[in-house]
Amino acid sequence: MNHDFAQNLLRLRKARGLTQEQLAGQLGVSPQSVSKWENCQSYPDIELLPHLAAFSVRIDALLGYQSEKLRTSQYESKYRDPAYYWGNDVWSGCYEVLRLMPPVRPLRLLDVGCGEGQAAVFFARNGYTVSAFDVTTSGIEKGRQLAELHRTEVDFFQADLLNYQPESDFDIVFSSGVLQYIPRGERRRVLEGYKAHTAVGGIHVLNVFVDKPFLPVPPDWEEQEDFWSSGELLSCYADWKVEQLEERIFDCDSSGIPHQHCMDVLIARKMV
Ligand SMILES: C[S@@+](CC[C@H](N)C(=O)[O-])C[C@H]1O[C@@H](n2cnc3c(N)ncnc32)[C@H](O)[C@@H]1O
């Protein structure tokens, strides 16, 4: 049995806020059938595939086949080490999410490029409904283990931020240390996709590494990473309310070699 199908179906059903009974009703099958599919006990009949496609998902993705090859990242092997490469602390932006949008009602949060899942698990433990993806299988696996350790639930899945299209709206889109993997010409398109899938009143909490002529390129910078320029992130949010904007330089020794980064931090809110 293909576990990917069961997991993908469960994820997509939850992302749409449907119960097994509601999905069964939409497909004209019994709730027991949906339960069996999600528990890897059986597959739907082939004639149901067009109905599942109407459920607005590509069949190849639902069955667990990637039609586009996923990029790789140096972190794939780094995350295989049992120790957590990024440690236990979360970026201060996580606390800004708590301050600006406390989970006093159900709030859906997407963590883009979640790494080993520390922030995603932090948010889930604080009461958010969290989906989180990364391009690495090892990161996703470690995120799942971390969620289990803390007895909390996160919808972790593997995806490439260049191809991933949100399947439903989120209240919060969060990303730390990741957006430099989007090539310059693609940035607006990718961010517009996330903006379109953000509920009115929702926020984006993002940071980007910025190029400064007086700072050397960090030792662990990858070929597919590309610096942002000062103010570039802000220019993508001219139609949103900017809640916070900051540029800072900080020390880092992620590769074991001390170096510095310049980072722009933006928190923006969708008003209409
Ligand atoms: C600097 S790490 C940050 C990880 C995490 N956000 C954190 O703060 O701990 C960058 C992450 O981006 C992920 N990444 C790189 N390219 C990606 C892509 N195309 N799609 C999704 N994730 C990607 C890497 O696997 C890595 O986990």
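Above this note sits the structure.
Scope of this entry: the structure provided in the associated data block. Computed from a predicted model, the values in this text were never measured in an experiment.

1. Examining the overall build of the chain
Here comes step 1: Counting secondary structure elements, the chain contains 11 helices and seven strands.
Here comes step 2: Expressed as a percentage of the 272 residues in the chain, the buried residues total 49%.
Here comes step 3: Taking all contacts inside the chain whose residues are at least 6 apart in sequence as the whole, residues at least 24 apart take part in 71%.
Here comes step 4: Entry remark: accessible area of the chain is about 13,600 Å², with carbon and sulfur atoms responsible for 52%.

2. Quick notes on the nonpolar core
Here comes step 1: In this structure, Phe123, Val154, Phe156 and Phe174 are the most contacted members of the largest nonpolar core, which totals 33 residues.
Here comes step 2: Those elements that provide at least two residues to this core are α7 (93–100), α8 (118–125), β2 (129–134), α9 (137–149), β4 (170–175), β5 (198–209) and β7 (259–269).
Here comes step 3: The dominant element in this core, judged by the number of residues it contributes, is α8, at six residues.
Here comes step 4: Once residues within four sequence positions are removed from consideration, Phe123 is found in contact with Cys94, Val97, Leu109, Tyr128, Val130 and Phe174.
Here comes step 5: Core analysis: the second largest hydrophobic core is formed by 31 residues, Tyr75, Leu161, Phe170 and Leu215 among them.

3. A short note on the packing of aromatic side chains
Here comes step 1: Counted according to the given criterion, the structure contains 15 aromatic pairs.
Here comes step 2: When the ring of Phe123 is compared with that of Tyr128, the centres are 5.7 Å apart and the planes differ by 85 degrees; the resulting orientation is edge-to-face. By the burial criterion, Phe123 is buried, and Tyr128 matches it.
Here comes step 3: What links up through ring pairs into an aromatic cluster is the set Trp91, Tyr95, Phe122, Phe123, Tyr128 and Phe174.
Here comes step 4: Directly above the ring of Tyr84 sits Lys142, whose terminal nitrogen or CZ lies 4.6 Å from the centroid.
Here comes step 5: Sitting over the ring of Tyr237, Lys195 keeps its end group 4.9 Å from the ring centre.

4. Overview of the site of the ligand
Here comes step 1: Lining the immediate surroundings of the ligand are 17 residues, of which Tyr79, Gly113, Asp134, Leu161 and Ser176 lie closest.
Here comes step 2: For the ligand, a nitrogen atom lies 2.7 Å from a polar atom in the backbone of Gly113.
Here comes step 3: Val135 places a main-chain nitrogen or oxygen 3.3 Å from a nitrogen atom of the ligand.
Here comes step 4: For the ligand, whose accessible area on its own is 590 Å², the fraction buried by protein is 91%.
Here comes step 5: Classifying every residue of the shell around the ligand by side-chain character gives nine nonpolar, six polar and two charged.

5. Digging into the sheet that holds β4
Here comes step 1: Read across the open sheet, the seven strands follow the order β3-β2-β1-β4-β5-β7-β6; overall the sheet is mixed. Edge positions in the sheet fall to β3 (155–158) and β6 (241–252), since each of these pairs with one other strand and no more. Across the sheet, the mean angle from the axis of one strand to that of its neighbour is 15 degrees, orientation sign disregarded.
Here comes step 2: Here three bridges tie strand β1 (residues 108–112) to β4, and the two strands are oriented parallel to one another. For Leu109, the partnering residue across the bridge sits in β4 and is Ile172.
Here comes step 3: The sheet contacts of α8 involve β1, β2, β3 and β4, and relative to β2 the element is tilted by about 175 degrees.

6. A look at the pairing of β5
Here comes step 1: Here β5 lies mainly inside the structure; 10 of its 12 residues are buried.
Here comes step 2: Pairing geometry for β4 and β5, over five bridges, is parallel. Paired with Phe170 across the bridge in β5 is Thr198.
Here comes step 3: Handedness of the β4-helix α10 (residues 187–196)-β5 crossover: right-handed.
Here comes step 4: Note: β5 against β7, seven bridges, orientation antiparallel. Counted as the bridge partner of His204 is Ala268 from β7.

7. Describing helix α3 (residues 31–38)
Here comes step 1: Taken together, the buried positions of α3 are Val34, Trp37 and Glu38. Across the axial projection of α3, the buried residues extend over an arc of 95 degrees, all falling on one side.
Here comes step 2: Downstream of α3 by a residue or two, Cys40 has a phi angle that is positive, lying close to 65 degrees.

8. Section: the side chain of Lys270
Here comes step 1: Along the chain, Lys270 turns up in the segment after β7.
Here comes step 2: With no salt bridge to any partner, buried Lys270 finds its closest opposite charge in Asp169, at an N-O distance of 6.1 Å.
Here comes step 3: Engagement of the side chain of Lys270 in a polar contact is seen with the backbone oxygen of Thr198, the distance being 2.8 Å.
Here comes step 4: If we skip the residues at most four places from it in the chain, Lys270 touches Lys195, Ala196, Thr198, Ala199, Val200, Gly201, Gly202 and Trp240.

Rules behind the numbers
- Residues numbered from 1 in each chain as written.
- Predicted model: local features only at pLDDT ≥ 70, side-chain atom pairs only at ≥ 80, totals over all residues.
- Heavy atoms only, no water.
- Helix = DSSP H or I, 4+ residues; strand = E, 2+ residues; numbered from the N terminus.
- Buried < 20%, exposed > 50% of the residue type's maximum accessible area, 1.4 Å probe, protein only.
- Contact = heavy atoms within 4.5 Å.
- Areas by Shrake-Rupley, 256 points an atom, 1.4 Å probe, with all protein chains shown as cover.
- Core = buried A, V, L, I, M, F, W, Y, C linked by side-chain atoms within 4.5 Å.
- Phe/Tyr/Trp six-rings, centres within 6.5 Å; stacked < 30°, edge-to-face > 60°.
- Lys NZ or Arg CZ within 6 Å of the ring centre and 35° of its normal.
- Near = heavy atom within 4 Å.
- Polar contact = N/O pair within 3.5 Å; in protein donor to acceptor, adjacent residues only side chain to side chain.
- Nonpolar A, V, L, I, M, F, W, Y, C, P; charged D, E, K, R; others polar.
- Pairing = 2+ DSSP bridges.
- Axes fitted to C-alpha atoms, helices over the stretch in contact; angles between N-to-C directions.
- Right-handed = clockwise from strand over helix to strand, strands pointing away.
- Arc of directions from axis to C-beta.
- Lys, Arg positive; Asp, Glu negative; His and termini not counted.
- Salt bridge = Lys/Arg side-chain N within 4 Å of Asp/Glu carboxyl O.

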